[in-house]
Amino acid sequence: MSARKQSTARSRSHSRGSGQAKRGLWGGRFGDGPTESLRRIGDSLHFDRRIVDQDLRGSAAHARMLGAQGIIPKRDARKIVAELGRMRRELVKGTLVVEGADEDIHSWIERTLTERIGDAGAKLHTARSRNDQVATAFRLWLREETETLDLAIAGLMEALVSQAEEVLGIVVPAYTHLQRGQPTLLSHQLLAYVEMLARDRSRFADQVRRMNECPLGAGATTGVPYPVDRAATATELGFARPTANSMDTVADRDFAAEWLAAASILAVHVSRLAEDVCLWASSEWNLLELGDSVSTGSSIMPQKRNPDGAELARGKAGRVVGHLMALLTTMKGLPLTYDRDLQEDKEGLFDALDTVTACVDVMADTLRMSRFRAESAEDLLHGGHLLATELADFLVGEGIPFRHAHEAVGAVVQVAEGSGLDLSDLTADEIAAIDARFTGCETALDFRAAVDRRDHKGGTATRRVKAATRAWRRRLG
Ligand code: ARG
């Protein structure tokens, strides 16, 4: 760039700054307002408006406490609380909209309040900082959104349990290494996902329990020189107690990282369910008939019925895990206490919540609107020598050490494969003709009997799976 161009560029970016108004909350000591570039990177109103209701409630609790403690006149506190309540109602009605050139939602609230009630509004920020304010609103928001997500997960569990009830009679191959392994009830596999989702819910519950302490009173970083009643604001906002250390309070976002970790694990679980659905719906499995409303067609191949919802649920897991990595990377090595970097905590988490909720919901709908085909399950059983383990266990029953039994069945499999047959194509007599130790092995050649022999807690036996299904139905209400 020539020297002239450079100086023009400099003066252009400078003039963008000097023409700007000073900023509401902190402009006092500044001659110039921020440059366009600083505003573009720093302004957060376009996303943190999402926590407006929580910030209004946090502010009201703070104002009420200021009045009760005599830190500001009670009359002013009452005015503030009443006006914040009115703003909340107007936002719900749509007669008030969050918009303007304000830097963030905190500035917007304070400006709007002060425009409406004058000097009383200007007293709201006594004994607090945006650092404890944002930590409070974000925690409140996350606590509430997690309740909604929890309901969505419960909905997916319900859809899985309903299918498990529906298909109790269906035996399918259980896979390991994506190779057919042993027969199992399809319901048993569906309930496996229910267990995973139940742990996901308990992970979120743990996270919320740890997060549920009130930051208000931490101030900018060291606390505030006023006789604040932190227990009162904590109680009013439904927190278990105030946080213990003001510096920790404004510096850490481990609650958000922990939430994203729980969301990532949930997303990974859902992606695995989604992959199973894609396999089941494929022509190769032909096990699941996707409902019209949960499948999509192809623009060129008229016969197609694609599982796009499940594929997207599978794919979007990457994005959720990405947000976890982004936040951890942002936090790593940050000097205590608050740094503006921490503003990066919100957008990723907002997106992770929306994404994971969409994945959970689409999988619940997919399961509700689709039907498993018992006929196809039967076909799947007759390949992959699914009864090999049963035959080995039969020999164990005859007093043969398992390792030798394993070898003997291996030899039978080899013979069957040599004739292009599956173990299930052979009769007990034919197997006994290969190795006389298998005489009387017909009990080992029945898929359902193989399933029902796994009759212990956690096994796939029909009566165990029935009991598990009933137990989940009761728990889900
Ligand atoms: N938007 C900021 C955040 O999310 C609010 C706190 C700003 N604090 C400050 N000292 N600039 O972290």
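Quick note: structure is the one above.
The following refers to the structure shown.

What counts, and where the lines are drawn
- Residues numbered from 1 in each chain as written.
- Predicted model: local features only at pLDDT ≥ 70, side-chain atom pairs only at ≥ 80, totals over all residues.
- Heavy atoms only, no water.
- Salt bridge = Lys/Arg side-chain N within 4 Å of Asp/Glu carboxyl O.
- Helix = DSSP H or I, 4+ residues; strand = E, 2+ residues; numbered from the N terminus.
- Buried < 20%, exposed > 50% of the residue type's maximum accessible area, 1.4 Å probe, protein only.
- Phe/Tyr/Trp six-rings, centres within 6.5 Å; stacked < 30°, edge-to-face > 60°.
- Lys NZ or Arg CZ within 6 Å of the ring centre and 35° of its normal.
- Near = heavy atom within 4 Å.
- Polar contact = N/O pair within 3.5 Å; in protein donor to acceptor, adjacent residues only side chain to side chain.
- Areas by Shrake-Rupley, 256 points an atom, 1.4 Å probe, with all protein chains shown as cover.
- Patch = residues over 30% accessible without salt bridge, like charges linked within 9 Å, V, L, I, M, F, W, Y side chains within 5 Å.
- Lys, Arg positive; Asp, Glu negative; His and termini not counted.
- Charge placed at Lys NZ, Arg CZ, Asp CG, Glu CD.
- Contact = heavy atoms within 4.5 Å.
- Pairing = 2+ DSSP bridges.
- Expected span 1.5 Å × (residues − 1).
- Arc of directions from axis to C-beta.

## Topic: the pattern of salt bridges
Line of reasoning, step 1. The tally for this structure, following the rule as stated, stands at 37 salt bridges.
Line of reasoning, step 2. The closest approach of N and O atoms between Asp 150 and Arg 201, which form a salt bridge, is 2.8 Å. Of the two residues, Asp 150 sits in helix α7 (residues 130–166) while Arg 201 sits in helix α8 (residues 186–211), which places them 51 residues apart along the sequence.
Line of reasoning, step 3. When its relative accessible area of 24% is taken as the criterion, Asp 150 is described as partly exposed.
Line of reasoning, step 4. Residue class for Arg 201 comes out partly exposed when judged on its relative accessible area of 22%.
Line of reasoning, step 5. Notably, a salt bridge pairs Asp 345 with Arg 253, separated by 2.7 Å at the nearest N-O pair. One end of the pair, Asp 345, is in helix α13 (residues 345–368); the other, Arg 253, is in the loop between α10 (246–251) and α11 (254–281), and 92 residues separate them in sequence. Neither Asp 345 nor Arg 253 differs from the other in exposure class; each is buried.
Line of reasoning, step 6. Residues joined by salt bridges that share partners form a network here, namely Asp 53, Arg 57, Arg 88 and Glu 144.

## So, the packing of aromatic side chains
Line of reasoning, step 1. Summed over all chains, the structure comprises seven aromatic pairs.
Line of reasoning, step 2. Summarising the aromatic geometry, the rings of Tyr 175 and Trp 285 are spaced 5.4 Å apart at their centres and angled 40° between planes, so their arrangement reads as tilted. Of this pair, Tyr 175 sits in strand β1 (residues 171–176) while Trp 285 sits in the loop between α11 and β5 (288–289); the two residues are 110 residues apart in sequence, bridging distant segments of the chain.
Line of reasoning, step 3. Taking relative accessible area as the criterion, Trp 285 reaches 15% and is therefore assigned buried.
Line of reasoning, step 4. Judged by centre distance (5.4 Å) and plane angle (50°), the ring pair of Phe 204 and Trp 259 falls under tilted. Residue Phe 204 is located in helix α8, and its partner Trp 259 is located in helix α11; the two are separated by 55 residues in the primary sequence. Just as Phe 204 is buried, Trp 259 falls in that class too.
Line of reasoning, step 5. When the ring centre of Phe 138 is taken as origin, the NZ or CZ atom of Lys 346, which lies over that ring, is 5.5 Å away.

## Brief notes about the site of the ligand
Line of reasoning, step 1. Close to the ligand lie Ser 44, Asp 104, His 106, Arg 130, Asn 131, Val 134, Tyr 338, Gln 343 and Lys 346.
Line of reasoning, step 2. One of the side-chain N or O atoms of Tyr 338 is found 2.4 Å from an oxygen atom in the ligand.
Line of reasoning, step 3. One nitrogen or oxygen atom from the side chain of Lys 346 is found 2.5 Å from an oxygen atom belonging to the ligand.
Line of reasoning, step 4. Starting from 340 Å² of accessible surface for the ligand in isolation, the protein chains cover 87%.
Line of reasoning, step 5. With three residues, the single largest contributor to the shell around the ligand is α7.

## Re a positive patch on the surface
Line of reasoning, step 1. A cluster of like positive charges, contributed by Lys 74, Arg 75, Arg 78 and Lys 79, occupies part of the molecular surface.
Line of reasoning, step 2. Mapping Lys 79 onto the fold places it in helix α5 (residues 74–93).
Line of reasoning, step 3. For Lys 79, a relative accessible area of 39% translates into the label partly exposed.

## Re the environment of Ile 265
Line of reasoning, step 1. Along the polypeptide, Ile 265 turns up in helix α11.
Line of reasoning, step 2. Considered as a pair, Ile 265 and Asp 200 are 65 residues apart in the sequence and their alpha carbons are 7.3 Å apart.
Line of reasoning, step 3. Contacts of Ile 265, omitting those with residues within four sequence positions, involve Asp 200 and Arg 203.

## Here's the deal with unusual backbone geometry
Line of reasoning, step 1. Following Leu 336, the chain continues to Thr 337 via a peptide bond in cis, the omega torsion being 10°.
Line of reasoning, step 2. For Leu 178, which is not glycine, the phi dihedral falls at a positive 55°.
Line of reasoning, step 3. Here Leu 178 is to be found in the loop between β1 and β2 (179–185).
Line of reasoning, step 4. Positive phi, normally seen in glycine, also occurs at His 385, with a value near 50°.
Line of reasoning, step 5. Within the secondary structure layout, His 385 lies in the loop between α14 (374–381) and α15 (388–397).

## Examining the side chain of Asn 131
Line of reasoning, step 1. One can find Asn 131 in helix α7.
Line of reasoning, step 2. Judged by its relative accessible area of 15%, Asn 131 is buried.
Line of reasoning, step 3. Discounting chain neighbours no more than four positions away, the residues touching Asn 131 are Gly 219, Ala 220, Val 250 and Tyr 338.

## Regarding the side chain of Arg 128
Line of reasoning, step 1. You can see Arg 128 is positioned in the loop between α6 (105–117) and α7.
Line of reasoning, step 2. At 4.8 Å, Glu 110 is the nearest oppositely charged side chain to Arg 128, a buried residue that forms no salt bridge.
Line of reasoning, step 3. Polar side-chain contacts of Arg 128 include one of 3.0 Å to the side chain of Ser 59.
Line of reasoning, step 4. Separated by 3.0 Å, the side chains of Arg 128 and His 125 make a polar contact.
Line of reasoning, step 5. Those residues in contact with Arg 128 that lie beyond four places of it in its chain are Ser 59, His 62, Gln 133 and Val 224.

## Re the pairing of β1
Line of reasoning, step 1. As paired strands, β1 and β2 are joined by six bridges and run antiparallel to one another. When the bridges of β2 are listed, Tyr 175 appears paired with Arg 180.
Line of reasoning, step 2. In sequence, β1 turns back onto β2 through a hairpin of two residues, with His 177 there showing a positive phi of about 55°.

## Quick word on the environment of Leu 423
Line of reasoning, step 1. Position of Leu 423 among the secondary structure elements: in the loop between α16 (402–418) and α17 (428–434).
Line of reasoning, step 2. With 37 residues separating them along the chain, Leu 423 and Leu 386 place their C-alpha atoms 7.6 Å apart.
Line of reasoning, step 3. Excluding residues that lie within four positions of it along the chain, Leu 423 makes contacts with His 385, Leu 387, Ala 388, Leu 391, Val 412 and Val 413.

## Digging into helix α19 (residues 462–476)
Line of reasoning, step 1. With 15 residues, α19 extends 21 Å from end C-alpha to end C-alpha; this agrees with the ideal 21 Å at 1.5 Å per step.
Line of reasoning, step 2. Listed as buried for α19 are Thr 462, Val 465, Thr 469 and Trp 472. The buried residues of α19 occupy an angular sector of 95° when the element is viewed end-on, so they sit on one face. Relative to its buried face, α19 has exposed residues pointing more than 90 degrees away, namely Arg 463, Arg 474 and Arg 475.
Line of reasoning, step 3. Against the buried residues of α19 lie α7, β2, α8 and α18 (447–452).

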